[in-house]
Amino acid sequence: MLERAHILVCGGTGCTSGNSNKIYSEFQTRLKEQGLESEVKLIMTGCFGLCARGPIVVVYPEGTFYQHVKVEDVNEIVCEHILKGRPVERLLHSEKEEDGSLKAINETAFYKRQKRVVLRNCGIINPESIDEYLAYDGYKAYEKVVTQMTPQGVIDEIKKSGLRGRGGGGFSTGMKWQFAHDSVSDIKYVVCNADEGDPGAFMDRSLLEGDPHAVIEAMMIAGYAIGAKQGYIYVRAEYPIAVQRLEIAIGQAREYGILGKNIMGLGHDFDIELRLGAGAFVCGEETALLNSTEGKRGEPRQRPPFPAVKGLFEKPTLINNVETYGNITQIILNGADWFASMGTEKSKGTKVFALGGKINNTGLVEIPMGTTLRTIIEEIGGGIPNGKKFKAAQTGGPSGGCIPAELIDTKIDYDNLIAIGSMMGSGGLIVMDEDNCMVDIAKFFLEFTVDESCGKCTPCRIGNKRLYEMLDSVTKGTATMEDLDKMEQLCYYIKENSLCGLGQTAPNPVLSTLKYFRDEYVEHVKNKRCPAGVCKALVSFKIDPALCIGCTKCKRNCPVNAISGEIKQPHVIDASKCIKCGACLQGCPKNAIVR
Amino acid sequence: MKTLAELQAIRDRMKSQMASRGTDADDIRIVVGMATCGIAAGARPVLNAIVEEVENRKLTNVKVTQTGCIGMCKLEPLVDVIMPGSEKVTYVHVTPEKARRIIASHVVNGNVVTEYTVDGEKA
């Protein structure tokens, strides 16, 4: 029988860590208890995007959007909403219209400005059911290219769409396909780069978890276009849910004869295997990824020859990022002109961003290229928590740079971001407020790349280490003004001489913070002061005797007994004992503690 | 191996099953009163009959939802039919048989079954 209601429980990594598996099984139990299991369909979907409000449950046909759902809430949803048709108001993600009625979910601030092309099925279909993917025109794009288009025709369509690589570099996808197509060889490969390693980025993971068949279908189309019969998806082992759903999806596709020999009876062969990465950041670099896929050490290769000429097992290889593949079926089905109608002159389509840091609506957003940073932060992101001031946004992770507050009206696309010294990167977007020290941020990212450098080339292995030491001395107040200039020189040296993308972009966070927040560096060096109060070596806590009322709260809060004083008498901090944890600061009712 | 026709059959079958996900302003809405009063008066078999009928007739543009008590408990089971662009029609004392006729006559062919409405019952 047709189910009259569908309950969708988010099964993305964010909501899963919020116990959505238990919520799912609780729904099963409660629905059974009420004798509703044949009337109501319960499924687990991919990410809805609004991770900050997870775990999320959506009930159709009304499209009711529940947030922060707990296992204890399930019975109420079943008994009230499913049985009696009364939505549980206290759990609604609600924004009201002027007349007081509830806004439709697509009209709320978080979703209104988004355009979901890549994430179209995430949070709508059950990613573990190939039938549900088929219902939303699944594998129709593949059918179309094989029955109606020539390989060159497919490539021309992708070229015409203006799609550029979503992994970070922004190279024309159509050109990449053309090069792989033009290389003459008996064997070619299609590879999907799902080794998403940037701190704070989870776009690819969410797509694989929410709509794995879309990536498989796109790889099949790529295989047809360049003349390859074998595909590999290189995905990190730290994404267990994504790996599991990919395995299920590949299994189902083989069962349906969608992967394998003579697909759909159309005479084309293609199959896909998974390769699990062990979590090295450098393996996201395409040549290192190819080495790792072959079972070798994950170190980059010299380019040229490019992978399109000599890639996996020395054969011509097409390698694209997960999100790039996510666009392909839609371009084939809706046409290149439709795709090119979105975005800016040189950056077409949409981009998925993982929004994190000091922002209210942490989560996954997909916006048309050319949307301003202000729209993302103030409207979709819901602004900065606790009324703090926006200071900068970091894009591109450890390879990118900072966009300062004065450039908040920058339209986000590949070229604009490069022009202001950052880069699109894979799509991590970390928001920072006035409490973040920019030197500390640069140090954080550089520490990451120093850790992840494979060590094959000297500029990256040693240069970044020395750069890190200089940054460290800035945060400790032991650097000189000459050191700042030396740092800048070293940055350019590393960029120009490193072997692969990791080294070539590693100094970017330092360079861009030096460019936009040089005054903060100078403050650390000259006045031995950290304006944001983050760098511990430069912070000292004092109690203003004029403000202190001697309530003893700070004394009780201090974990190392560094504060002394009698009741109703001004207290004193012993600097030699103080560990600068800031516990006293948070408790003080009179704001008498200064740093 | 699934042929192209078999894949298309799966698409069609799943499409009608998944029609309730996603909301479209042009959809016809059938709302069944499912508060305690409605359930006690027999709203559940009515709801099931409606869902069954919608499926059998492949009415993918029809959304069946439920609502709470609207205050006319003695007239339950109540069923609202909301066609886009026209006034809501409320049927009272609905049974599974009446529900099937409402779908055939009103939802499919656009003819309101006047004798099942509040005014119709009085007359």
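Thresholds applied
- Residues numbered from 1 in each chain as written.
- Chains lettered and ligands numbered in written order.
- Predicted model: local features only at pLDDT ≥ 70, side-chain atom pairs only at ≥ 80, totals over all residues.
- Heavy atoms only, no water.
- Buried < 20%, exposed > 50% of the residue type's maximum accessible area, 1.4 Å probe, protein only.
- Helix = DSSP H or I, 4+ residues; strand = E, 2+ residues; numbered from the N terminus.
- Contact = heavy atoms within 4.5 Å.
- Buried area = accessible area lost by both parts, 1.4 Å probe.
- Salt bridge = Lys/Arg side-chain N within 4 Å of Asp/Glu carboxyl O.
- Polar contact = N/O pair within 3.5 Å; in protein donor to acceptor, adjacent residues only side chain to side chain.
- Nonpolar A, V, L, I, M, F, W, Y, C, P; charged D, E, K, R; others polar.
- Expected span 1.5 Å × (residues − 1).
- Axes fitted to C-alpha atoms, helices over the stretch in contact; angles between N-to-C directions.
- Left-handed = near helix turned anticlockwise from the far one by under 90°.
- Patch = residues over 30% accessible without salt bridge, like charges linked within 9 Å, V, L, I, M, F, W, Y side chains within 5 Å.
- Areas by Shrake-Rupley, 256 points an atom, 1.4 Å probe, with all protein chains shown as cover.
- Lys, Arg positive; Asp, Glu negative; His and termini not counted.
- Charge placed at Lys NZ, Arg CZ, Asp CG, Glu CD.
- 1 Å grid on protein atoms, 1.4 Å probe; cavity = no way out; pocket = protein on both sides within 12 Å on 5 of 7 lines; lining within 4 Å.
- Points joined across faces, edges and corners; volume = space filled by probe spheres on them.
- Domains from an automatic or database assignment.
- Pairing = 2+ DSSP bridges.
- pLDDT = per-residue confidence, 0-100.
- Core = buried A, V, L, I, M, F, W, Y, C linked by side-chain atoms within 4.5 Å.

## Remarks on helix 12 (residues 286-293) of chain A
Within helix 12 of chain A, eight of the eight residues are buried, which leaves the element mostly enclosed by the surrounding structure. G295(A) occupies a position one or two residues after helix 12 of chain A and carries a positive phi of about 95°.

## A short note on the interface of chain A and chain B
Between chain A and chain B, the residue contacts involve 38 residues of the former and 34 residues of the latter. For the pair chain A and chain B, the summed buried area comes to about 3,200 Å², and 58% of that belongs to carbon and sulfur atoms. There are four salt bridges connecting chain A and chain B. Residue R13(B) is joined to D131(A) by a salt bridge in which the shortest nitrogen-to-oxygen separation is 3.6 Å. Summed over the shared surface of chain A and chain B, the number is three residue pairs in polar contact (both at pLDDT 80 or more). Elements supplying a minimum of two residues to the side of chain A that touches chain B: strand 1 (5-10), strand 2 (40-45), helix 3 (74-84), helix 5 (130-135) and helix 6 (140-148) of chain A. For the side of chain A that touches chain B, the residue count by class is 19 nonpolar, eight polar and 11 charged.

## Section: helix 10 (residues 212-226) of chain A
Spanning 15 residues, helix 10 of chain A covers 22 Å between terminal C-alpha atoms, matching the ideal 21 Å at 1.5 Å per step. One or two residues past the end of helix 10 of chain A sits G227(A), with phi positive at roughly 85°.

## Quick look at the packing of helix 9 (residues 203-210) of chain A against helix 11 (residues 240-255) of chain A
Residues and elements named next belong to chain A. Across the interface, helix 9 lies against helix 11 with an axial gap of 8 Å and an inter-helix angle of 35°. When you trace helix 9 past helix 11, the crossing you get is left-handed. Counted together, R205, L208 and E209 of helix 9 and I241, A242, R245 and L246 of helix 11 form the full contact between these two elements. Looking at the contact of helix 9 with helix 11 residue by residue, the class counts come to four nonpolar, no polar and three charged.

## Some remarks on unusual backbone geometry
Across residues other than glycine, the phi torsion is negative in most instances, and most of the peptide bonds are trans. All names here are of chain A. Of the consecutive residues G54 and P55, the connecting peptide bond is found in the cis state with omega at -10°. Mapping P55 onto the fold places it in the loop between strand 2 and strand 3 (57-60). The step from Y60 to P61 runs through a cis peptide bond, and the omega angle for that step is 10°. Even without glycine at this site, N262 takes up a positive phi of about 45°. The phi angle at K580 is positive, at roughly 60°, despite the residue not being glycine. Counting through the fold element by element, K580 comes out in the loop between strand 16 (572-573) and helix 24 (583-587). By relative accessible area, K580 is classed as partly exposed at 25%.

## Concerning a negative patch on the surface
Residue and element names in this part refer to chain A. A cluster of acidic residues, E97, E98, D99 and E107, forms a negative patch at the surface. Along the chain, E107 falls in the loop between helix 3 and helix 4 (109-112). Here E107 falls in the partly exposed class, since its relative accessible area comes to 38%.

## A word on empty space enclosed by the protein
Using the criterion set out here, one finds six cavities of 30 Å³ or more in the structure. As a volume, the largest cavity reaches approximately 190 Å³. Taken together, 18 residues form the lining of the largest cavity, with L2(A), S16(B), S20(B), V54(B) and V62(B) sitting closest to its centre. Here the lining of the largest cavity is built from residues that sort into eight nonpolar, five polar and five charged.

## Quick word on the domain arrangement of chain A
All names here are of chain A. As assigned here, chain A comprises domain 1 (5-108), domain 2 (130-339), domain 3 (350-433), domain 4 (438-526) and domain 5 (540-594). One C-alpha centre belongs to domain 1, the other to domain 3, and the line joining them spans 29 Å. Across the boundary between the two partners, domain 1 contributes six residues, which contact five residues of domain 3. Buried area between domain 1 and domain 3, both sides added, is near 370 Å², and the carbon and sulfur share of it is 56%.

## Digging into the layout of surface pockets
Take a probe with the size of a water molecule and roll it over the atoms, and the empty space left behind shows itself. Residues and elements named next belong to chain A. The calculated volume of the second largest pocket comes to roughly 1,400 Å³. For the second largest pocket, the lining is made up of 49 residues, of which G167, G168, G169, M423 and G501 are closest to its centre. Here the element with the most residues in the lining of the second largest pocket is strand 8 (residues 317-321); it accounts for five residues. Here the lining of the second largest pocket is composed, by residue class, of 15 nonpolar, 22 polar and 12 charged.

## A short note on the sheet that holds strand 6 (residues 230-236) of chain A
Sheet strands pair via backbone hydrogen bonds, and the direction of the pair is either parallel or antiparallel. Residue and element names in this part refer to chain A. If you walk across this open sheet you meet the four strands as 7-6-5-8, and the pairing is parallel. In the strand order of this sheet, the two ends are held by strand 7 (271-277) and strand 8, each with one partner. For this sheet, the mean angle separating the axes of adjacent strands, direction not counted, is 20°.

## Examining the sheet that holds strand 12 (residues 401-404) of chain A
Residue and element names in this part refer to chain A. As summarised here, the arrangement of the five strands in space is 10-9-13-11-12, forming an open sheet in which the pairing is mixed. Unpaired on one side and paired on the other, strand 10 (363-368) and strand 12 mark the two borders of the sheet. The average undirected angle you get between the axes of adjacent strands in this sheet is 30°. Of the strand pairs in this sheet, strand 9 (residues 350-357) and strand 10 are connected by six bridges, and their pairing is antiparallel.

## Observations concerning the confidence of the model for chain B
Residues and elements named next belong to chain B. Overall, the predicted model of chain B reaches an average pLDDT of 85, with 94% of residues at or above 70. When the elements of chain B are averaged for pLDDT, helix 5 (residues 118-122) gives the smallest value, 73, and helix 4 (residues 96-108) the largest, 92. The ipTM, which scores confidence in the relative placement of chains, is 0.82 for this predicted complex, and the corresponding pTM is 0.88.

## Focus: the nonpolar core
Soluble globular proteins tend to pack their nonpolar side chains together in the buried interior. Residue and element names in this part refer to chain A. Counting residues in hydrophobic clusters, the biggest one holds 75 residues, and the most contacted among them are Y139, V154, W177 and Y325. Here the element with the most residues in this core is helix 10; it accounts for 11 residues. Built from parts of two domains, this core gets at least three residues from each of domain 2 (130-339) and domain 3 (350-433). Residues contacting W177, with those up to four places away along its chain left out, are V154, I155, I158, A218, I221, A222, A225, I226, L318, N320 and I328. L8, I359, I384 and Y414 belong to the second largest nonpolar core, which has 43 residues in total.

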